[in-house]
Amino acid sequence: MSGPAAPHVLDDPFGFARAAGMQQGQLAVSAMPRLQDQLAEDTGEVQYSVRGGLDQLDRPQLELEVTGALKLLCAQCAKPLDHALVLRTRVLMAPPGVVPVNDEDPDSPEWIEAGQELNLQELVEDEILLGLPLSVRHAEGHCSSESQEAFGKKAADSPFARLATLLEPGQTNKR
Ligand SMILES: [Zn+2]
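Below is a summary of the structure that appears in this document. Bear in mind that the values here come from a model prediction, so they are computed numbers and not experimental data.

The rules behind each value
Residues numbered from 1 in each chain as written. Predicted model: local features only at pLDDT ≥ 70, side-chain atom pairs only at ≥ 80, totals over all residues. Heavy atoms only, no water. Donors = N, O, S within 2.8 Å, 3.2 Å for Na, K, Ca; no water. Tetrahedral: all angles 85-135°; square planar, octahedral: opposite > 155°, others 65-115°. Helix = DSSP H or I, 4+ residues; strand = E, 2+ residues; numbered from the N terminus. Buried < 20%, exposed > 50% of the residue type's maximum accessible area, 1.4 Å probe, protein only.

Side note on the coordination of the zinc ion
Listed as protein donors to the zinc ion are Cys74 (SG), Cys77 (SG), His138 (ND1) and Cys143 (SG); their distances from the metal cover 1.9 to 2.3 Å. In this structure, the zinc ion is coordinated by four donor atoms arranged in tetrahedral fashion, with angles at the metal of 103 to 115 degrees.

In structure tokens, the structure reads:
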């Protein structure tokens, strides 16, 4: 690890919420280990801002906003896919062990545990992971190399398939 120690930490998150504090930062995409499985490339940064406050029931909360550009993997063609990350979410905070297991309020946001300090890097990564679509893929018809790759496999399997490409050269160009 290099750089200043733990810059993405919120000291006294409950005081931060009561004081309606505001903190901003920037995180390297490569610094979020659990995100890596979803990524085609780990370049770039995400910007986050966190705003403390109290909800209608006077419970301490954090409003989190995360933006950035991620390079995800397309589930269809396994090629990089640009994903504009725009995340706005709200979490309620409780000390460890006090988080309600069964919050009856259907409108209640997510609960997180917060102690003396809160690791914003983990929170941001958690929320990005929660907010990602289950399966990302290029828009219909935008997996550019898809047909060629499928064809390439067939061609390798059979000499007759290769002959077919010669006979139907226009097939992959239809709009
Ligand atoms: Zn694709």
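Describing unusual backbone geometry
Phi is positive for Asp12, close to 50 degrees, though the residue is something other than glycine. Checked against the element boundaries, Asp12 lands in the loop between β1 (9-11) and α1 (13-18). Relative accessible area serves as the criterion here: at 42%, Asp12 is assigned to the partly exposed category. The backbone of Ala78 sits at a positive phi, close to 60 degrees, despite the residue not being glycine. Tracing the backbone shows Ala78 in the loop between β5 (60-73) and β6 (80-94). Using a relative accessible area of 54% as the deciding quantity, one classes Ala78 as exposed.

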